[in-house]
Amino acid sequence: MEAFLDTFFNGAVLARYAPSILQGVWVTVLLSVLIVVSGIVGGAALACLRAYRIRPLSALIVIYADMFRALPPLVLILLVFFGLPNLGILLSSSTVLYLILTLVLAAFAEEIVWAGITAVPKGQWEASRSTGLGFTQTLIWVILPQAVRLVIPPLTNRAIAITKMTALGMVIGVPDILGQATTAQSFSANASPLMLAAIAYVLLFLPLVIFSRWLETRFAAPGV
Amino acid sequence: MTQAAQEAVAPPTLVVRGLRKSFGSEEVLQGIDLTVARRELVFVLGPSGSGKSTMLRCCNRLEEPDAGEITLEGDPVTGPKVDVNQLRRRMGMVFQAFNLYPHLSALSNVTLALRKVRGLPRPEAEAMGLTALDRVGLKAKAASYPAHLSGGQQQRVAIARALALEPSVMLFDEPTSALDPELVGDVLAVMQDMKAQGMTMLVVSHEMKFARDAADRVIFMDAGRIVEQGTPEQIFETPHHERTQTFLARFSGRG
Amino acid sequence: MEAILTQFFNVEIMVKALPLVLQGLGITLLICVVVIPLGLVGGLLAALAAVSRNRAVRWSAIALVDLFRAVPPLVLLIFIYAGLPFAGLSLSPFAAVAIGFFLNNSAYFAEIFRAGLLSVHKGQAEAARSTGLTQNQTLIHVVLPQATRNVLPDLMSNVVEVIKLTSLASVVSLGEMLHAAGLVRSLTYNASPLVLAAGIYLAMLWPLVRLISRFERRIAS
């Protein structure tokens with residue numbers, strides 16, 4: 001028991017590295033918020049563009065969404081992080097992580113919101129157009145609010161799954177929770193920093209997971 | 001000029017000439033000619049598949065006509081240069097399935113087009129919206145969402161949504177067909193009241209009693225053409241055409 | 001343009017990298033073959049526990065599922081691979097990957113199966129029991145087939161996620177495809193091996209992604 005505590009909850013190691021892991025928490029939170037906001041806004045915008053049914057544009061959007069849904073994010077992260085410098089483009093590891101995860105989330109969000117747009121009954125378009133609202137006005141004021149409401153549960157789940165991928169940043173040296181913890185672990189030769197990191201992730205994401213579970217039951221109720 | 005004289009020289013509210021529309025190889029409208037005068041209530045009758053709804057939907061171009069000419073108060077509805085959104089504002093439409101916006105309250109359903117199409121500021125739009133809801137007897141439900149309204153109430157809100165834009169003509173596409181029988185009366189009462197206030201109306205419906213009570217003219221359509229038209233008495237008591245007779249015979253004892 | 005071609009689409013380097021990358025692909029597929037069935041079985045068991053009538057069983061299953069959905073898979077993997085040895089428990093990279101992914105995948109598959117089980121109307125089980133089927137027979141022959149069919153797109157899309165997830169094994173030096181490609185990249189200072197790996201991932205997963213989209217649309221309509 002004592003050996004277990006010494007290995008995973010070593011007081012001295014925890015005290016020493018808690019501040020740097022706390023810094024990592026802020027990096028993770030900041031990156032997550034930025035990724036969620038820009039990814040969902042970007043995905044919804046692409047889904048709206050697709051609603052205009054301009055063939056070449058829709059095809060490009062579908063190809064983009066398919067590719068970023070099919071490729072493992074870690075492959076994209078390594079490709080951009082190690083590939084771009086060879087072209088003389090230098091991006092910080094945090095920027096690369098932000099860009100890639102935003103693009104990945106936007107790809108999923110586009111597909112999800114598009115499914116929502118197509119699920120809104122045709123009568124809603126007709127009713128709105130019959131009162132003189134234009135296509136774009138109808139899309140923004142009548143269709144999109146209903147579409148987003150329909151897809152809030154899958155969108156939330158996807159957003160959580162992708163913000164958890166900020167941990168991948170550790171591979172390219174982003175000082176997020178996992179990055180700080182692995183550094184601390186190799187200096188301290190002790191597993192406590194990893195345990196602290198795991199606890200930090202649980203504290204951050206468990207409420208979100210429970211929230212998404214609540215959303216699912218709420219939005220599954222009929223008439224909403 | 002007196003009001004009567006003004007009305008005499010003003011063009012009819014809605015004029016349809018030679019309207020044709022096909023879906024694939026099937027021609028559902030085979031040349032429709034129809035005039036709706038100001039303050040007139042024209043009631044359109046016919047078996048399902050006769051093209052009634054398509055004709056109505058062509059009037060505000062929810063369906064694009066293949067051929068023919070439509071004018072609203074003398075202004076062209078068809079043609080490439082027409083601002084279809086401005087015209088639709090002047091033609092209210094009521095749907096069989098209500099099509100209320102589920103994410104908006106009754107009042108917001110009514111005010112959306114006032115704000116976004118007519119560009120009214122919110123307080124003004126809401127004042128007009130409340131007046132419109134009052135006309136259909138639902139001012140008290142202004143804050144309710146569609147999911148919390150009965151079918152009849154939803155349809156009356158949908159009527160208010162169209163009325164609030166102060167249209168020149170109201171198009172009704174089987175407004176009571178999706179309602180439980182006990183809820184039909186309230187909607188018809190609202191329509192009768194609109195007629196009494198002088199609204200011009202084109203109504204596709206199967207409510208024969210309403211046609212007898214409120215219609216100025218009844219049109220019988222079959223297979224994409226207008227077969228027969230006249231006053232309710234003429235059509236219901238002494239129909240000339242054989243197809244009108246068979247259709248009405250099937251409906252006798254109902255409505 | 002020239003630079004992009006030589007840095008990212010260098011055929012010569014790709015050809016050199018191909019044998020190693022294909023060897024990595026073999027390990028990627030091996031991981032999939034081990035981890036996907038494990039996750040499906042674990043997920044199904046957890047889901048059955050999560051809809052159990054016994055409140056203690058139900059809530060502990062849901063708590064475990066939520067816990068493993070909250071921890072990023074890479075954190076779990078590194079904890080198992082680099083943390084447990086300090087407690088005297090050293091695992092091979094493959095065992096660490098298998099255990100880590102089993103815990104992570106089971107949680108996600110459990111959530112999907114649970115939704116599927118809840119989507120089957122209660123009358124179905126009642127009807128089956130009324131004909132004399134036992135509880136287990138009812139589950140296997142009546143409830144599970146319907147539950148699985150109702151969530152098939154979600155199951156497939158999670159399988160895609162698992163295949164993508166195998167790339168994380170590269171972090172613990174398991175020589176799967178991304179690890180192999182990364183190795184050649186670090187030797188040649190050229191990103192083409194990574195592009196090659198990306199191409200192989202695309203070839204494997206794009207058809208699946210398309211299929212899922214089509215599936216989802218058909219179920220929605």
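Remember, it's a predicted structure, so these values are computed and weren't measured experimentally. Sequence order sets the numbering: in each chain, residues are counted from 1 along the sequence as written. In the order they appear in the text, chains get letters beginning with A and ligands get numbers beginning with 1. The predicted origin of the model limits local features to residues at a pLDDT of at least 70 and limits the giving and counting of side-chain atom pairs to 80 or more, whereas totals for whole chains, interfaces and linings rest on all residues. With hydrogens and water excluded, all non-hydrogen atoms of the structure serve as input to the side-chain values.

## As for the sheet that holds strand S1 (residues 14-23) of chain B
Residue and element names in this part refer to chain B. At least two DSSP bridges between two strands are needed for those strands to be called paired. Each helix corresponds to a stretch of at least 4 residues labelled H or I by DSSP, and each strand to a stretch of at least 2 residues labelled E; elements are numbered beginning at the N terminus. Spatially, the four strands line up as an open sheet ordered S2-S1-S4-S5, and their pairing is antiparallel. In this open sheet, the two edge strands, each paired with only one partner strand, are strand S2 (26-36) and strand S5 (75-76). Pairing geometry for S1 and strand S4 (residues 67-72), over five bridges, is antiparallel. Paired with Val15 across the two strands is Thr71, which belongs to S4. On the sheet, helix H2 (residues 52-59) packs against S1, S2 and S4 and is oriented at approximately 120° with respect to S1. The contact criterion used throughout is that any non-hydrogen atoms of two residues lie within 4.5 Å. Axis angles are defined between N-to-C directions and span 0 to 180 degrees, where every axis is a line fitted to C-alpha atoms and, for a helix, only to the segment in contact.

## Considering the interface of chain A and chain C
With 48 residues of chain A in contact, the opposing surface of chain C contributes 49 residues. Of the roughly 4,000 Å² buried between chain A and chain C on both sides combined, carbon and sulfur atoms contribute 72%. Here the buried area means the combined drop in accessible surface, using a 1.4 Å probe, for two parts upon being joined, counting both sides. Ranking the residues of chain A by area buried against chain C places Leu79, Lys164 and Arg213 of chain A at the top, with a combined share of 16%. By salt bridge we mean one thing: a side-chain nitrogen of Lys or Arg within 4 Å of a carboxyl oxygen of Asp or Glu. One can count four salt bridges joining chain A with chain C. The partner of Arg158 of chain A in a salt bridge is Glu161 of chain C, with the nearest N and O atoms 3.5 Å apart. Any N or O atom pair separated by 3.5 Å or less is treated as a polar contact, with the protein-specific requirement of one donor-capable and one acceptor-capable atom, and with residues adjacent in sequence counted only for side-chain atom pairs. There are twelve residue pairs in polar contact (both at pLDDT 80 or more) connecting chain A and chain C. Within the residue set of the side of chain A that touches chain C, elements represented by two or more residues are helix H1 (2-8), helix H3 (55-70), helix H4 (73-83), helix H5 (93-119), helix H8 (152-164), helix H9 (177-188) and helix H10 (192-220) of chain A.

## Topic: the pattern of salt bridges
Per the stated rule, a full pass over the model turns up 27 salt bridges over all chains. Residue Glu237 of chain B pairs with Arg212 of chain B through a salt bridge whose shortest N-O separation is 3.0 Å. Linking Glu237 of chain B in helix H9 (residues 232-237) with Arg212 of chain B in helix H8 (residues 208-214), this pair joins segments that are 25 residues apart in sequence. The structure contains a network of salt bridges with shared partners spanning Arg213 of chain A together with Asp66, Arg69, Glu111 and Arg114 of chain C.

## Some remarks on helix H4 (residues 73-83) of chain C
Judged by how many residues are buried, H4 of chain C sits mostly within the fold: nine of eleven residues are covered. Burial classification: accessible surface area is computed with a 1.4 Å probe over protein chains only, and a residue below 20% of its type maximum counts as buried, one above 50% as exposed, and the rest as partly exposed. Taken as a whole, H4 of chain C has its buried residues at Pro73, Leu74, Val75, Leu76, Leu77, Ile78, Phe79, Ile80 and Gly83 of chain C.

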